[in-house]
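Observations on the three-dimensional arrangement
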Amino acid sequence: MLTKKRASIKPSEITPESVYRSRRRFMRTSLAAAAGAAVPAFGLPASWLAERGFTAGEEIGEEITPEADATQYNNFYEFGTEKSDPAQYAHAMTIDPWTVKVSGEVAKPGEIGLEDMLAGIDLEERIYRLRCVEAWSMVIPWIGFPVKKLLDKFEPTGNAKFVEFKTLLRPQEMRGQRSLFSSIDWPYVEGLRLDEAHHPLAIFAVGMYGKLLPNQNGAPIRLVVPWKYGFKSIKSIVEIRLTARQPRNTWNVLQPSEYGFYANVNPTVDHPRWSQASEKRFPLSLFKPRIETQMFNGYGEVASLYSGMNLRRNY
Ligand code: MTE
């Protein structure tokens, strides 16, 4: 096979045309986003959250992770695989307007704009531990509301046993989705059993640290399930489907021997390539010892959801 010198290869020769065209479109939108950096989230003024108000969260007696760590060390593969990629590239994602479609086993399927979705719902701050399957953790003050409150608006039928969530699919704004090296089958999908989704600890977050969510943390709306590994807490949700059968979830599809459907934090079940017995807690420092990982990430009140289940097999 003939090889050309690097500099003489045009992007159009190594990239399918639709991809490099969308890349050019992406460059235009990201410039526009940079120029208008103060563009409010989903058409709401930055002061919206403060005006609307939220109940302050209960302290949990653990140091809250600095906002800079929580917003600059992220996993959001739609924008790249490096921890710094989301903070660098997620501003390219347009979040205004934003709608969420709810379908499947519900009496009232429909598509709802974010503002309508939040109408009549009280927002609360929840200070939660976030434990990533990679064995690092943070303590984050989210602002949101119980998942059940939203699902109830659509009236799940008696056949609904699971909930599937989907992230935005928009390769022209998400460099990870158009990367030729990505092995993820986009969009990112996740799922919960309906009774898990109904647990009062499971929330949709729209804010953190007293402000609307930054794009890199899953604006304008994401899931937060604090007793499960972080990959269950899917970001930037555009679709919710109630189903009778267990939905697929991205990391399980990618590597089933390493990532299960349940993904409950469990110090006694190691990842095949590393121990889950301990974790490093942000803010990181050279002399700070690792801390012991707790069953269900310390949220033991969810244990009854899994009574009689083998949690080694259902990892
Ligand atoms: N959601 C989407 N759509 N894409 C992702 O790559 N990463 C997950 C989860 N949600 C991810 C996602 C993982 S692995 C973790 S640990 C958390 O988001 C990280 O959330 P944070 O960046 O707000 O800390």
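This report concerns the structure included in the present document. (Residues numbered from 1 in each chain as written. Predicted model: local features only at pLDDT ≥ 70, side-chain atom pairs only at ≥ 80, totals over all residues. Heavy atoms only, no water.)

Quick notes on the site of the ligand
Every one of the 17 residues lining the ligand counts as a neighbour, but Asn-74, Tyr-77, Glu-78, Arg-222 and Lys-235 are closest to it. Glu-78 is positioned such that a nitrogen or oxygen atom in its side chain is 2.8 Å from a nitrogen atom of the ligand. The separation between a nitrogen atom of the ligand and a polar main-chain atom of Ser-233 is 2.9 Å. Calculation on the ligand without its partners gives an accessible area of 540 Å², and the protein chains cover 99% of this total. Partitioning the shell around the ligand into residue classes produces 8 nonpolar, 6 polar and 3 charged. (Near = heavy atom within 4 Å. Polar contact = N/O pair within 3.5 Å; in protein donor to acceptor, adjacent residues only side chain to side chain. Areas by Shrake-Rupley, 256 points an atom, 1.4 Å probe, with all protein chains shown as cover. Nonpolar A, V, L, I, M, F, W, Y, C, P; charged D, E, K, R; others polar.)

With respect to the side chain of His-199
With respect to the element layout, His-199 can be found in the loop between α8 (194-197) and β7 (203-208). For His-199, a relative accessible area of 15% corresponds to the buried category. Apart from residues lying up to four places away in sequence, His-199 is in contact with Trp-227, Glu-301, Val-302 and Leu-305. (Helix = DSSP H or I, 4+ residues; strand = E, 2+ residues; numbered from the N terminus. Buried < 20%, exposed > 50% of the residue type's maximum accessible area, 1.4 Å probe, protein only. Contact = heavy atoms within 4.5 Å.)

Some remarks on the pairing of strand β6 (residues 189-193)
Among the 5 residues in β6, 5 count as buried, and that is most of the element. Of the two faces of β6, the one carrying Val-189, Gly-191 and Arg-193 and the one carrying Glu-190 and Leu-192 are both buried.

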